[in-house]
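Overview (structure and organization)
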Amino acid sequence: QVQLVESGGGLVQPGGSLRLSCTASGPIRSINAMGWYRQAPGKQRELVATITSGGSTNYADSVKGRFTASRANAENTVYLQMNSLKPEDTAVYYCNADIRGLFTNLYRNYWGQGTQVTVSS
């Protein structure tokens, strides 16, 4: 069974940094785009960053210049380096990926379980 597992969330002071990781496991043939979304209390889930298998990235305007997405394709892992964190970055961060399993020719979209990031003094 394919699954995404995130790690690296926690409590950090404003201006601090955190690095999130997400690893896909299971019977995987290939992974296309991977990315990060977040959902704050009372708000809709929103895009934070995406990265293609070739390394092309896309960021929400609110995180440009502060967050950096990267990936290790051989390890089926995507990272999100978050710098200069602000209280408004507080949210549950979800990993997302388009994955083709070993026994199919179709890509399917998967979500991780989420990891809490809290920015507070």
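Residues numbered from 1 in each chain as written. Predicted model: local features only at pLDDT ≥ 70, side-chain atom pairs only at ≥ 80, totals over all residues. Heavy atoms only, no water.

**Structural notes on the packing of aromatic side chains**
Rules: The criterion for an aromatic pair is that two Phe, Tyr or Trp rings (for Trp, the six-membered ring) have centres within 6.5 Å, with stacked assigned to planes under 30 degrees apart, edge-to-face to planes over 60 apart and tilted to the rest. Secondary structure follows DSSP: runs of H or I at least 4 residues long count as helices, runs of E at least 2 residues long count as strands, and numbering of each begins at the N terminus. Geometrically, a lysine NZ or arginine CZ counts as sitting over a ring once it is within 6 Å of the ring centre and also within 35 degrees of the ring normal.
Applying the stated criterion across every chain, the model contains two aromatic pairs. Considering the side-chain rings of tyrosine 37 and tryptophan 111, the 5.0 Å spacing of their centres and the 65° angle between planes classify their relative orientation as edge-to-face. Highlighted residues: tyrosine 37 in strand β4 (residues 28–39) and tryptophan 111 in strand β10 (residues 107–111), separated in sequence by 74 residues. On the basis of an interplanar angle of 85° and a centroid distance of 6.5 Å, the ring pair of tyrosine 94 and tryptophan 111 is categorised as edge-to-face. You can see tyrosine 94 sitting in strand β9 (residues 91–101) and its partner tryptophan 111 sitting in strand β10, a full 17 residues away along the chain. Taken together, the ring pairs connect Tyr37, Tyr94 and Trp111 into an aromatic cluster. Over the face of the ring belonging to tyrosine 79 we find arginine 19, whose NZ or CZ atom lies 4.0 Å from the ring centre. Over the face of the ring belonging to tryptophan 111 we find arginine 45, whose NZ or CZ atom lies 4.6 Å from the ring centre.

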